[in-house]
Every structure is written in C-alpha cells, then in structure tokens.
Amino acid sequence: MQPVVRLRSAVCLLGRFPALAGVDLDVASGEVVLLSGGNGAGKTTLLRLIAGLLPLHQGEAEVLGCDLARNRTTHRRHVAFVGHETFCYDDLTARENLRFAARATGASADAADAALERVGLERCAAVSHARLSAGQRRRLALGVALAREPRLLLLDEPHAGLDADGRAVLDAVLEAAAGEDLTVLIASHELDRTRSLASREVVLTAGQAKTAEAARP
Amino acid sequence: MNLVQEASLVAGKDLRIEARSRVTIQQVLPFGLIVLLLFAFALDPDRGVLRDVAPGLFWVTVLLAALLAISRSFAIEAANGARDGLRMSGLDPAAIFLGKAAAVAVELVALEAVLTVGVIVLFDVSLGAIGPLLLATVLATVGVAATGTLYGVLAASSGARETLVPVLLLPVVSPVLLGATRAWEAAIDGAPSDAWPWIGVLAVFAVLYTSIGTLAFGPLLEEA
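It should be emphasised that the depicted structure is a prediction, and the values quoted were computed from it without experimental measurement. (Residues numbered from 1 in each chain as written. Chains lettered and ligands numbered in written order. Predicted model: local features only at pLDDT ≥ 70, side-chain atom pairs only at ≥ 80, totals over all residues.)

### Some thoughts on the confidence of the model for chain B
Residues and elements named next belong to chain B.
Then comes step 1: The share of residues in chain B with pLDDT of 70 or more is 96%, and the mean pLDDT across the chain is 90.
Then comes step 2: Per-element confidence in chain B ranges from a low mean pLDDT of 84 for helix 7 (residues 161-172) to a high of 95 for helix 1 (residues 3-21).
Then comes step 3: This prediction of the complex comes with two scores: 0.90 for pTM and 0.87 for ipTM. (pLDDT = per-residue confidence, 0-100. Helix = DSSP H or I, 4+ residues; strand = E, 2+ residues; numbered from the N terminus.)

### A short note on the interface of chain B and chain A
Then comes step 1: The interface is formed by 19 residues belonging to chain B together with 21 residues belonging to chain A.
Then comes step 2: Where the side of chain B that touches chain A is concerned, the elements lending two or more residues are helix 1 and helix 4 (82-88) of chain B.
Then comes step 3: The dominant element in the side of chain B that touches chain A, judged by the number of residues it contributes, is helix 1 of chain B, at 6 residues.
Then comes step 4: For the side of chain B that touches chain A, the residue count by class is 8 nonpolar, 6 polar and 5 charged. (Contact = placed C-beta atoms within 7 Å. Nonpolar A, V, L, I, M, F, W, Y, C, P; charged D, E, K, R; others polar.)

### Structural notes on the sheet that holds strand 5 (residues 66-67) of chain A
All names here are of chain A.
Then comes step 1: Reading across the sheet, the 4 strands line up as 2-1-4-5 and stay open at both edges, with antiparallel pairing between neighbours. Since the sheet does not close on itself, it has two edges, and those belong to strand 2 (17-27) and strand 5, each with one partner.
Then comes step 2: Summarising the sheet, strand 1 (residues 5-14) and strand 4 (residues 58-63) pair through 5 bridges and their orientation is antiparallel. Among the inter-strand pairings, Val-11 is bridged to a residue of strand 4, identified as Gln-58. (Pairing = 2+ DSSP bridges.)

### Points about the pairing of strand 7 (residues 152-156) of chain A
Residue and element names in this part refer to chain A.
Then comes step 1: Within strand 7, 5 of the 5 residues are buried, which leaves it mostly tucked inside the rest of the structure.
Then comes step 2: As paired strands, strand 6 (residues 79-82) and strand 7 are joined by 4 bridges and run parallel to one another. Each residue of the ladder has a partner; that of Ala-80, found in strand 7, is Leu-153.
Then comes step 3: Bridge count between strand 7 and strand 8 (residues 183-187): 5 bridges; the pairing is parallel. Residue pairing for strand 8: Leu-153 is matched across the bridge by Val-184. (Buried ≥ 20, exposed ≤ 12 C-beta atoms within 10 Å, placed from the backbone.)

### Here we look at helix 2 (residues 94-104) of chain A
Then comes step 1: Burial of helix 2 of chain A is extensive: 11 of the 11 residues sit out of reach of the surface.
Then comes step 2: For helix 2 of chain A, the full list of buried residues reads Ala94(A), Arg95(A), Glu96(A), Asn97(A), Leu98(A), Arg99(A), Phe100(A), Ala101(A), Ala102(A), Arg103(A) and Ala104(A).
Then comes step 3: Buried residues along helix 2 of chain A sit against helix 3 (109-118) and helix 4 (134-147) of chain A together with helix 1 of chain B.
Then comes step 4: Of the residues one or two after helix 2 of chain A, Gly106(A) is the one with positive phi, at around 90°.

### Topic: the environment of Ala7(B)
All names here are of chain B.
Then comes step 1: Along the chain, Ala-7 turns up in helix 1.
Then comes step 2: C-alpha of Ala-7 to C-alpha of Gly-148: the two residues are 141 residues apart in sequence and 17 Å apart in space.
Then comes step 3: Contact partners of Ala-7, with chain neighbours within four places excluded, come to Ala-95, Leu-98, Gly-99 and Ala-102.

### Details of the packing of helix 4 of chain A against helix 5 (residues 164-176) of chain A
All names here are of chain A.
Then comes step 1: Contact geometry of helix 4 with helix 5 gives a least axis separation of 10 Å together with a crossing angle of 20°. Viewed along their axes, helix 4 and helix 5 adopt a mutual orientation that is roughly parallel. For the pair helix 4 and helix 5, the crossing hand works out as left-handed. Taken together, the residues of helix 5 that come into contact with helix 4 (itself represented by Gly-135, Arg-138, Arg-139, Leu-142 and Leu-146) are Gly-166, Val-169, Leu-170 and Val-173.
Then comes step 2: In terms of residue class, the contact of helix 4 with helix 5 is built from 5 nonpolar, 2 polar and 2 charged. (Axes fitted to C-alpha atoms, helices over the stretch in contact; angles between N-to-C directions. Parallel < 35°, antiparallel > 145°, perpendicular 65-115°, else oblique. Left-handed = near helix turned anticlockwise from the far one by under 90°.)

Listed below in structure tokens is the structure:
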C-alpha cells in the first residue's frame, strides 16, 4: 500500500539554515504519528513542508501521491493544517469561517455544520472570530480543518490554549482518526497525553528524524 | 466548483468582511470626499479651471482611494495567517485573483458613484455622453482593481506593504489615469467620438492586467 507521506533525505532550508537536514519518514494511511523533539528540532518545518507551505530543497517528498519537488499545491485540497495561527478571518463568524473553508475544498455546508458541532462551538456559531476566546479560536481552527474533510491532518501543538473540554474534543478526533481513514501527524510537547493516542512516535533532533518505540500497539 | 464559482466564493468572502468592518464606508469613502473637497478649496477662485480639470481630479482621487482598498484587501489575509489558509484552501490561484480583484472593483464602483455626485456638486460639472463615460469608468475600474490585486500580493511579501503598494502601483496605472481622464473629458464635452480611442486603451490595459494577474498570482502568492 502506498504511504500517505514518504520522505527520503528531505532537506528544507529556512534562509541558509537547514531546518530539516535529511529526514526519512513513512506514514501509512490511518496512522496517528506523534512528532516529538525540543524547540527548534524541526517539527513545525516538517509539517509545513508536508503541507506544501515550504519548498523541498533536497531529497524526495511524496504526499498523497504528489511529488512535492515538482508540485506542492495539488495535494493541499486533501490536507488540513492546524498551526499556531487559526487561518480564520476576524470579521467572519465561526460558521462563516467553517463554511468558507468547506466550500473552498468542495465539501458541503453540512460538513461545516457537522464540524462546528464536533468541536463544540454550536453556541458560538454566530460569533465573529475576533470575539472568540483564545481557546475557542483553537477549537475553531480544528473545526475548519475537519470541515475540509481532509485525508491528512497536520496538527502543530494542538493542545496549546485548550481547556479540558477542548482537549477532550481533540482526543476524540484523534481516537476516531483510524476509523475514518484519516492520517494524522501531530507535533506536540504534551507527550504523556499524546503518546497514548498515537500509533507511534518519531523523534526529531536537529532536523533529523528517528523512530521511537511504538506508543500504541 | 469551476473558476467562476471559486472566484465568486472569494469575492463574496471579501465583500462580506468589508460589509462587516465598514472600512470602505467609514474610511475609504470619507478619504475620497475629503480629497475632492481639498481640490475644490484649492481651485475655488476659478470655477472654470475646476470644471476643466474635474476629470483628472476625479481619477486621481479614485486612484488614491484605491490604494487604501487594495492595502485593506491584503491586510485581511495577513491577520491570523489567513494567507496560508488561502494557500491551503485548494482554490485555484487564478480564482483567488479574480475574486479579490472583483471585490476591490465592486468597492471602487461604489466609491466612484459617490465621488461622481461630489464632482457634479463641488466642481459644477454636467455629464454629457453617459454611455462612453460609463464604459470608460467600468474599464478603468477593472484595470485598477486587476493591477492593484497583482501588485498587492507582490507587496504582501514585504513588511512595508502600505508604503510599497503606492510606489509599485501608481507608475503602472498611469495609462489608466490618462485614458480615463481623456475619455471623461471627451464625454463631458459632448464629443463621444474623441472618447473611443481612450476607451480602447483602457480595454487593452484591463484585459492585459487581468490576464497577467490570472497567470502570475499563484506563484506570487506562494512567495508572499
């Protein structure tokens, strides 16, 4: 079976600095992979490379069958990325942000409404992004990702800023991933919480990846 | 979704944001009216001169106000990493360009309608041949919106977006200023046949920059 993500000696430069210095990584469909490592290890860069937001400078990178060295835009329709920012518009309501994201990828308004419910923001549907709390914004960002009905979900420090309910919502998404044929890469410092949800862990050190022991059999 | 539907989605999003934030109504429109008023005060002693230069003053005012609308169009993409969201959206970059340009054009048309009334009242201008005048206005607006959107995304990669947009844009749109001013002069003077060559220039400019923008916006968005 073709892996969802396949990297071989992948190098990504930020300026002249090799933020990724030869990463090898295979991720199969339905896997939940935890990316761990210290600050500056290259976790965010790796996720942004896989999302196609950063260019591949050397090596090979194939995501959902797309060769990122040749084309890093086509696969994006099937990839959702929850980063440090929400990717939302301050003057649009939570529902409008979700519906815009859903329609852009060809998903239905129902998918947007279902995502709104899934992240527990129904009561805030008509509230503008600017008026949401930091935690609600993080939930909305997750909702926007889910509304796009992705095949690959990239999460960068998704627990940050979430309250207990928000964390439970996120955990439920990760637990349901395999059943939904959703592949997840999650970069996190909250290792105890995330290890129990991940099928395996990849440790990044100075821009290079090493596979840790399986976190969940 | 096809290209038109995707462009409509982007334009609808931008116009909805403008309707909510009211930046165009509360800032861009008053700015345009103030500029017209300042011209009127400066040239008031000679109403004849004011009437003669009214088309040029109108289009200079539109261009200055357009700078604000274009900067605003990209400022909303800068907040919360929305530009990365747009890149990840799966929308065709050509559709994003056409949608954002269309939204800017709609805002400019609304602005021009109000400024036209201002020119009639303040500068004592009577509009002659309406057909050529409207056609010149539409084509000039499309040209400014397309060029502005193209240079707006180019400037978005710079931290000095607000100051870079005028420096990049104003020299490029000088043919629009010239063509629209000449077409308006001819239309106001009741000599529409003199307007058509300039309308041709405006049409070529609008088609050229819409085509360039459709092709170049994607790579520029990736670099931004």
